[in-house]
Amino acid sequence: MQALQPMNVHSANDSLNEGESPLATDRTPFQSSTAWETENTKKWSSQIQVPIGLAVYILILAITAFACGLRGLPWWYQLLAACMLFLTFSLQWILLMIDPGIIVPQPFKDPIIAALDSTGAQLPDRTAYEKDYKGQWMHQTSRGFEKYCSSCNIWRPPRAHHCSVCGYCMERFDHHCDVVGTCIAQKNHRFFVAFLVVGQLAVATAAAGTSWRLHREGFPRHISWQQAETYFLLVFDIVYCATALMLFFGWFQLCWIVCDVTTKDLLTSNTFSEDPPCLCGRRSPLNLLRSWVTVCCGPIKHKRWLERQPKHRMSSMLLPQSAACNI
């Protein structure tokens, strides 16, 4: 067992109990724990605001569909459209309320990082750490490269990324969606895909019903053009079809889940050429099955869970597991 010289690594709780600096270094915490929690929970809470624009747009589509496009159609068809509308609103609300996959941040800097940033400190395995092109410290683990987030003071696992909008690192980060008002990551990716697919089916139902109504009114025969309602039905039908085409993006997202790919992966690496699905490697059939279970069947939590965490909650050792084994 080797020891760090000349600095001693303590847990944050030990440092607080001994009345010394939380890191036993010349660095002081950037904030008190209470101030840190208040700032971060406020930033997180601001993302829970309902995306008014999207809700209003869905409501307008629903009103025009039931007031004009679907009026006079069989009751079972209108009931089907109503159920799909209710499911769309429910999925939007669930998507907005649940935790996307936040990695709990820490209020104090990792002692290993403090040693790496200090030119005078001695670290036994200093060569195992290097900086990427963004200047972030990283090191190799059995799962891949872990990078240190200086904003959250954590070693984030592979495929996790920091969202500057939400202010947290997210597991299996896909992208931040301003339209729905939240990050899309490991724990809510399934609901995002379901929202897009069900929403597309809902507007496709409205488009088909409007076309059915036009056909019943005699469109495109000459006599139908003499009715003002025909022009409204045509406009609504075009809007429904255009919305359904835009929401086709949801089927691509479903394919990404099946292939264990994220939008971030596609933007930052040659993911399909390096690890093709269903072959040996990270996307082997067994690993794909594990990914499906994690993404589609993983536990979910409300976003407010972070605000209910006990004060001064932090790791007993602010070190990555692989680094702690060398101390």
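That block above? That's the structure.
Below is a summary of the structure that appears in this document. (Residues numbered from 1 in each chain as written. Predicted model: local features only at pLDDT ≥ 70, side-chain atom pairs only at ≥ 80, totals over all residues. Heavy atoms only, no water.)

1. Re the packing of aromatic side chains
Point 1. Per the counting criterion, the structure on display carries eight aromatic pairs.
Point 2. For the ring pair Tyr 148 and Trp 155, a centre distance of 5.4 Å and an interplane angle of 65° mean the geometry is edge-to-face.
Point 3. The exposure class assigned to Tyr 148 is buried, which follows from its relative accessible area of 4%.
Point 4. Among the residues examined, Trp 155 registers a relative accessible area of 11% and is labelled buried.
Point 5. Centroid distance Phe 232 to Phe 236: 6.4 Å. Interplanar angle 40°. Geometry classified as tilted. One end of the pair, Phe 232, and the other, Phe 236, are both in helix α7 (residues 228-246), four residues apart, so they sit about a helical turn from each other.
Point 6. Pairwise contacts between aromatic rings join Trp 76, Tyr 77 and Trp 212 into one cluster. (Phe/Tyr/Trp six-rings, centres within 6.5 Å; stacked < 30°, edge-to-face > 60°. Buried < 20%, exposed > 50% of the residue type's maximum accessible area, 1.4 Å probe, protein only. Helix = DSSP H or I, 4+ residues; strand = E, 2+ residues; numbered from the N terminus.)

2. Concerning unusual backbone geometry
Excluding glycine, most residues fall at negative phi; most peptide bonds, likewise, are trans.
Point 1. A positive phi angle, close to 60°, is found at Asn 153, a residue other than glycine.
Point 2. The topology assignment puts Asn 153 in the loop between β4 (144-149) and β5 (154-156).

3. A short note on the sheet that holds β4
Point 1. On the basis of which strands lie adjacent, the open sheet formed by four strands has the order β2-β3-β4-β5 and antiparallel pairing. The strands lining the two open edges of the sheet, one partner per strand, are β2 (129-131) and β5. Each strand of the sheet is rotated relative to its neighbour by a mean of 35°, with strand direction disregarded.
Point 2. Here β2 pairs with strand β3 (residues 137-141) via three bridges, running antiparallel. Within the sheet, the bridge partner assigned to Tyr 129 lies in β3 and is His 139. (Pairing = 2+ DSSP bridges. Axes fitted to C-alpha atoms, helices over the stretch in contact; angles between N-to-C directions.)

4. Re the side chain of Gln 92
Point 1. Looking at the element boundaries, Gln 92 is found in helix α4 (residues 75-97).
Point 2. Among the residues examined, Gln 92 registers a relative accessible area of 8% and is labelled buried.
Point 3. Among residues more than four places away in sequence, those in contact with Gln 92 are Pro 51, Leu 54, Ala 55, Ile 58 and Phe 195. (Contact = heavy atoms within 4.5 Å.)

5. Points about the pattern of salt bridges
Point 1. Within the structure shown, the criterion is met by six salt bridges.
Point 2. Linking Asp 99 and Lys 187 is a salt bridge whose minimum nitrogen-to-oxygen distance equals 3.7 Å. Taken together, the residues Asp 99 in the loop between α4 and β1 (102-103) and Lys 187 in the loop between β9 (182-184) and α6 (189-216) connect sequence positions 88 residues apart.
Point 3. The exposure class assigned to Asp 99 is buried, which follows from its relative accessible area of 0%.
Point 4. By relative accessible area, Lys 187 is classed as buried at 14%.
Point 5. Between Arg 172 and Asp 260 there is a salt bridge, with its nearest N and O atoms 3.5 Å apart. Pair noted here: Arg 172 is in the loop between β7 (168-170) and β8 (175-177) and Asp 260 is in the loop between α8 (249-258) and α9 (263-268), with a separation of 88 residues, a long-range link. (Salt bridge = Lys/Arg side-chain N within 4 Å of Asp/Glu carboxyl O.)

6. Looking at the sheet that holds strand β6 (residues 161-163)
Point 1. Here we have three strands laid out as an open sheet, ordered β1-β7-β6, and antiparallel in their pairing. Either end of the sheet is taken by a strand with one partner, and the two such strands are β1 and β6.
Point 2. Pairing of β1 with β7 involves two bridges; the strand directions are antiparallel. When the sheet's bridge partners are listed, Ile 103 is paired in β7 with Cys 169.

7. Digging into the nonpolar core
Point 1. The biggest cluster of nonpolar side chains holds 29 residues, and the ones touching the most others in it are Leu 70, Leu 95, Val 180, Ile 184, Phe 192, Phe 195 and Tyr 240.
Point 2. Mapped by element, the contributors of at least two residues to this core are α3 (52-69), α4, α6 and α7.
Point 3. Ranked by residue count, the leading element in this core is α6, at nine residues.
Point 4. Excluding residues that lie within four positions of it along the chain, Leu 95 makes contacts with Val 180, Thr 182, Ile 184, Asn 188, Phe 191, Phe 192 and Phe 195.
Point 5. The next biggest cluster of nonpolar side chains, apart from the first, holds eight residues, and it includes Cys 166, Tyr 168, Cys 183 and Ala 185. (Core = buried A, V, L, I, M, F, W, Y, C linked by side-chain atoms within 4.5 Å.)

8. A look at the environment of Cys 296
Point 1. Along the chain, the position of Cys 296 falls in helix α11 (residues 285-297).
Point 2. On the accessibility criterion, Cys 296 (36% relative accessible area) is partly exposed.
Point 3. Sequence separation between Cys 296 and Arg 190 is 106 residues, and the spatial gap between their C-alpha atoms is 5.8 Å.
Point 4. With sequence-adjacent residues up to four places away left out, Cys 296 is seen in contact with Arg 190 and Ile 257.

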